[in-house]
Amino acid sequence: MESKTKCFSLSLVHSFKSIFGNIGEESRKHTYYGKEVEAKDWEFLARFCFLSNDGTLEFEFEYPVEYKPIKFLLYFDAPDQWNSVYGTGKTCTEKMAILKPENNQILTLTELYPTWPGCDKSIVNGHERINCTNKTTFRSSRARWWFLAVSRCDQTGSSKTGMNITYRLHMMNSDDPGDILKYEFSADEFYILPIDISFLIVYIWISILTFICATRVFRGISTLVFSLMLLLMGKGFSITSFDPGKVLYIYESPAGYGLIAIRLICWLWFTYGVVFTLKNHKNKGRFYYPFYIFYTIWFWAGPIVIFIAMYAMALWTREQTVVGVENFVILCGHVFFLVNNAVLTRPSAANENFPYHLRTTQ
């Protein structure tokens with residue numbers, strides 16, 4: 001019984017972590033500020049899933065004139081685009097060769113292009129600098145991931161190596177700042193916030209009911225929460241930084257694989273407990289058979305949905321789908337558990353199914 005309670009508590013804690021973590025994570029605005037001072041000739045900056053026709057990128061770049069020309073590069077999520085260059089060991093020139101300047105995928109950031117991309121030269125504290133400010137709209141057949149980078153492939157004849165550039169990138173999927181569900185959210189993140197808030201409200205009510213009905217389990221829960229925290233920290237969750245050029249959402253990372261593994265290990269532990277309980281108490285099968293079937297589906301539903309998302313869903317729909325289904329599945333498990341305890345064990349109900357040895361009259 002202790003093992004099953006521990007696995008249930010781990011899943012409960014994971015659901016709260018998912019809700020609170022996603023609200024904090026997905027509420028951030030997609031405005032990136034940064035400065036690259038690197039001995040590199042090509043550098044990844046950010047990624048965003050833009051809606052077709054509605055997606056807009058505002059950009060600002062500034063760098064010393066000694067580093068020109070620096071180019072702003074825009075890759076999309078086709079197999080022969082981003083995946084063919086990132087992390088492949090290709091040279092800067094080879095990474096740029098797949099882009100099409102006629103599609104505005106290469107923007108040369110120099111004063112020779114005052115209209116587009118909107119650059120000029122200025123003097124700041126006696127030093128000449130290149131300044132570029134403009135915006136662009138993305139048009140494609142569907143919502144697409146776009147990956148933004150800068151490059152300075154040709155450094156011959158220059159006394160400066162690498163890049164020294166300050167930038168600001170503001171990415172939007174709506175022209176209306178009042179459209180809080182889309183304005184600064186990547187298309188793969190749409191509606192995750194209201195989904196999480198809805199489940200949060202439900203869990204608050206469940207927590208209130210649980211607190212009223214059970215007041216002696218919180219010390220054990222605190223130990224399990226601490227144990228789960230140690231497990232997740234060991235896997236690097238929220239500590240190590242994921243590479244946003246490769247990881248589009250949590251379940252494409254080692255920490256995500258760790259969460260799936262914990263869930264399946266809990267199922268194995270749960271199975272072990274049920275099998276040996278039925279072996280020693282065959283008369284309890286009327287309760288345990290449906291109980292085991294339901295919670296086996298519950299344990300496996302999340303990993304199955306994640307697996308389907310990896311191979312059968314479009315990139316920009318994975319995170320929002322998995323978040324919604326995962327929260328719903330966890331909620332079903334908790335509600336089923338609470339209903340069983342509330343209905344099957346109350347004295348006025350027939351408890352022939354429930355595996356307690358005491359009679360209701362005792």
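Read on for an overview of the structure. As the structure is a computational prediction, the values presented were derived from the model and not from experiment. (Residues numbered from 1 in each chain as written. Predicted model: local features only at pLDDT ≥ 70, side-chain atom pairs only at ≥ 80, totals over all residues. Heavy atoms only, no water.)

### Quick notes on the packing of helix H5 (residues 254-280) against helix H6 (residues 285-312)
Here is step 1: Where H5 meets H6, the axes come as close as 11 Å, and the angle between the chain directions of the two elements is 165°. Put simply, H5 runs roughly antiparallel to H6. By crossing handedness, the relation of H5 to H6 is classed as left-handed.
Here is step 2: Of the residues assigned to the contact of H5 with H6, the class counts are 19 nonpolar, five polar and one charged. (Axes fitted to C-alpha atoms, helices over the stretch in contact; angles between N-to-C directions. Helix = DSSP H or I, 4+ residues; strand = E, 2+ residues; numbered from the N terminus. Parallel < 35°, antiparallel > 145°, perpendicular 65-115°, else oblique. Left-handed = near helix turned anticlockwise from the far one by under 90°. Nonpolar A, V, L, I, M, F, W, Y, C, P; charged D, E, K, R; others polar.)

### Things to note about the packing of aromatic side chains
Here is step 1: The full count for this structure, using the stated rule, is 34 aromatic pairs.
Here is step 2: Its end group placed over the ring of Trp42, Lys95 keeps NZ or CZ at 4.1 Å from the ring centre.
Here is step 3: One Lys or Arg, Arg263, reaches over the ring of Trp298 and ends 4.5 Å from the middle of that ring. (Phe/Tyr/Trp six-rings, centres within 6.5 Å; stacked < 30°, edge-to-face > 60°. Lys NZ or Arg CZ within 6 Å of the ring centre and 35° of its normal.)

### Details of H6
Here is step 1: The end-to-end C-alpha separation of H6 is 38 Å, in line with the 40 Å expected for 28 residues at 1.5 Å each.
Here is step 2: At Ala301, H6 is bent by approximately 35°, the largest bend along its length, and proline Pro303 sits one to four residues beyond. (Expected span 1.5 Å × (residues − 1). Bend = angle between axes of the 7 residues up to and from the residue.)

### Some thoughts on the nonpolar core
Within soluble globular proteins, side chains that are nonpolar generally end up buried alongside one another.
Here is step 1: Counting residues in each nonpolar core, the largest one holds 29 residues, and the members touching the most others are Leu57, Phe61, Ile70, Phe72, Leu74, Leu109 and Leu169.
Here is step 2: Per element, the largest residue contribution to this core is five residues, and it comes from strand E9 (residues 163-172).
Here is step 3: Among residues more than four places away in sequence, those in contact with Phe61 are Leu45, Phe72, Leu109, Ile130, Asn131, Cys132, Val150, Ile165, Thr166, Tyr167 and Leu169. (Core = buried A, V, L, I, M, F, W, Y, C linked by side-chain atoms within 4.5 Å. Buried < 20%, exposed > 50% of the residue type's maximum accessible area, 1.4 Å probe, protein only. Contact = heavy atoms within 4.5 Å.)

### Some thoughts on the sheet that holds strand E8 (residues 144-151)
Here is step 1: Strands sit in the order E2-E8-E4-E5 across an open sheet of four strands; the sheet is antiparallel. The open sheet has two edge strands, strand E2 (42-50) and strand E5 (106-109), and neither has a second partner. Averaged over all pairs of adjacent strands, the angle between their axes in this sheet comes to 20°, without regard to strand direction.
Here is step 2: Bridge count for E2 against E8 is eight bridges, and the pairing is antiparallel. Residue pairing in the sheet places Arg47 in a bridge with Phe147 of E8. (Pairing = 2+ DSSP bridges.)

### Some words on the side chain of Arg152
Here is step 1: Considering the arrangement of structural elements, one finds Arg152 in the loop between E8 and E9.
Here is step 2: Despite its burial, Arg152 pairs with no opposite charge, the nearest such side chain being Asp154 at 8.0 Å.
Here is step 3: A distance of 2.8 Å separates a polar side-chain atom of Arg152 from the backbone oxygen of Tyr67.
Here is step 4: Excluding anything up to four places from it in sequence, Arg152 contacts Asp41, Glu66, Tyr67, Lys68, Pro69, Ile70, Cys92, Ser158, Lys160, Thr161, Gly162 and Met163. (Lys, Arg positive; Asp, Glu negative; His and termini not counted. Salt bridge = Lys/Arg side-chain N within 4 Å of Asp/Glu carboxyl O. Polar contact = N/O pair within 3.5 Å; in protein donor to acceptor, adjacent residues only side chain to side chain.)

### Some remarks on a nonpolar patch on the surface
Here is step 1: A cluster of nonpolar side chains, namely Ile197, Ile201, Ile204, Trp205 and Ile208, defines an oily patch on the protein surface of about 490 Å² accessible area.
Here is step 2: With respect to the helices and strands, the residue Ile208 is situated in helix H3 (residues 192-213). (Patch = residues over 30% accessible without salt bridge, like charges linked within 9 Å, V, L, I, M, F, W, Y side chains within 5 Å. Areas by Shrake-Rupley, 256 points an atom, 1.4 Å probe, with all protein chains shown as cover.)

### As for the pattern of salt bridges
Here is step 1: This model, assessed by the stated rule, comprises eight salt bridges.
Here is step 2: Among the ionic pairs, Glu111 bridges to Lys68, the shortest N-O distance being 2.8 Å. One end of the pair, Glu111, is in the loop between E5 and strand E6 (119-124); the other, Lys68, is in the loop between strand E3 (56-64) and strand E4 (70-76), and 43 residues separate them in sequence.
Here is step 3: In this structure, Glu111 engages Lys121 in a salt bridge whose closest nitrogen and oxygen atoms are separated by 3.6 Å. One end of the pair, Glu111, is in the loop between E5 and E6; the other, Lys121, is in strand E6, and 10 residues separate them in sequence.

### Details of unusual backbone geometry
Negative phi is the rule for most residues except glycine; trans is the rule for most peptide bonds.
Here is step 1: Note that the residue after Lys68, namely Pro69, is joined by a cis bond; omega there is 5°.
Here is step 2: As for its position among the elements, Pro69 is in the loop between E3 and E4.
Here is step 3: Residues Trp116 and Pro117 are joined by a peptide bond in cis, for which omega reads 10°.
Here is step 4: With respect to the element layout, Pro117 can be found in the loop between E5 and E6.

### Quick notes on the state of the cysteines
Here is step 1: Following the criterion strictly, the structure yields two disulfides and no others.
Here is step 2: Across a sulfur-sulfur distance of 1.8 Å, Cys92 and Cys153 are joined as a disulfide pair. With the S-S bond torsion at -75°, the cross-link from Cys92 to Cys153 turns out left-handed. Within this pair, whereas Cys92 is found in helix H2 (residues 92-97), its partner Cys153 is found in the loop between E8 and E9, the two being separated by 61 residues in sequence.
Here is step 3: Residue Cys119 pairs covalently with Cys132 via a disulfide, S to S 2.0 Å. Across the S-S bond linking Cys119 and Cys132, the dihedral sits near 110°, which makes this disulfide right-handed. (Disulfide = S-S within 2.5 Å.)

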